[in-house]
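Per-entry structural report
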Amino acid sequence: MFGLASAVNWSDVAAVAARNNETVDGEARHVLSASIDTVQPAFTVLADLCDYASCFVFKDGGTYRLIPDAPRATDAVLPDDAAIVEGSLSWEQRPQTSAPTVMEVTYTDTSALPWKDASAFVYLPGVEAGTVERRVSRVQRIGITRHSEAYRYGVQRLNELTTTSLTMT
C-alpha cells in the first residue's frame, strides 16, 4: 500500500465493498464522496476511510487486513458443549453518567444547490420525552451526502458509545 510500505489483502477490500454495496431501504449502505486535499499521515487517511466504510483495519504480518463491522459467524470451532466452562463468562458495565444520549452527525446535503451542511439526529429512548438527560455528541462526516446514511452512521456510533462501557472476561 502506497505510504504504508505494506501489502493489502484485496479479498478483504472486496468483502468490505460488497458489504457497503448491500442495499438498506433501497439504497447502498455506504457511499463515500470525499477528496483528500491536505497532506496527512497515511494511517490517518486509512483510519478515516475505514470509519466511512464501517470496517476495522489491522496488520497481519506485512499485510493490512480489513474486516467489515458486521455480524458474522464465529471463527472459533469448539468440539462440543463440554469445552465451555459454566460460569466462566463474566461482564461488568461501568456507569453511563457521561455517555451521550443524542448523536448529531453533520453531513454534506447535496439534494439542492448550493450544497450545504445538514444534521441528522439520533436519540436514545426517553430523551425526546425529557425522561432521560440530553447529552449531545457531535461528529462531522462531510463525505456522507445522504440524510439516511448519516442517520444510520449516528445510530451505529451512538450504539457503540453506549455499549463501550461493557467489559467481558
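The structure reproduced in this document is the subject of the present report. (Residues numbered from 1 in each chain as written. Predicted model: local features only at pLDDT ≥ 70, side-chain atom pairs only at ≥ 80, totals over all residues. Heavy atoms only, no water.)

This part covers the sheet that holds strand β4 (residues 55-60). Taken together, the three strands give an open sheet; going across it, the order is β1-β5-β4, and neighbouring strands pair in mixed fashion. Looking along the sheet, the strands with just one partner apiece sit at the ends: β1 (7-8) and β4. Relative to strand β5 (residues 63-68), β1 runs parallel, the two being bridged by two bridges. Opposite alanine 7, over in β5, you have threonine 63 as the bridge partner. Contacts between helix α1 (residues 10-21) and the sheet are confined to β1, β4 and β5, with β5 contributing the most and set at about 25° to the helix. Together, β4 and β5 form the strand contacts of helix α2 (residues 42-53), whose direction differs from that of β4 by roughly 140°. (Pairing = 2+ DSSP bridges. Helix = DSSP H or I, 4+ residues; strand = E, 2+ residues; numbered from the N terminus. Contact = heavy atoms within 4.5 Å. Axes fitted to C-alpha atoms, helices over the stretch in contact; angles between N-to-C directions.)

Quick look at the packing of aromatic side chains now. This structure, assessed with the given rule, holds two aromatic pairs. Measuring from ring centre to ring centre gives 6.3 Å for phenylalanine 43 and tyrosine 64, while their planes differ by 45°; the resulting arrangement is tilted. Of this pair, phenylalanine 43 sits in helix α2 while tyrosine 64 sits in strand β5, and the two are 21 residues apart along the sequence. Judged by its relative accessible area of 40%, phenylalanine 43 falls in the partly exposed class. Here phenylalanine 121 and tyrosine 123 contribute two aromatic rings whose centre-to-centre distance is 6.3 Å and whose plane-to-plane angle is 15°, an arrangement assigned as stacked. (Phe/Tyr/Trp six-rings, centres within 6.5 Å; stacked < 30°, edge-to-face > 60°. Buried < 20%, exposed > 50% of the residue type's maximum accessible area, 1.4 Å probe, protein only.)

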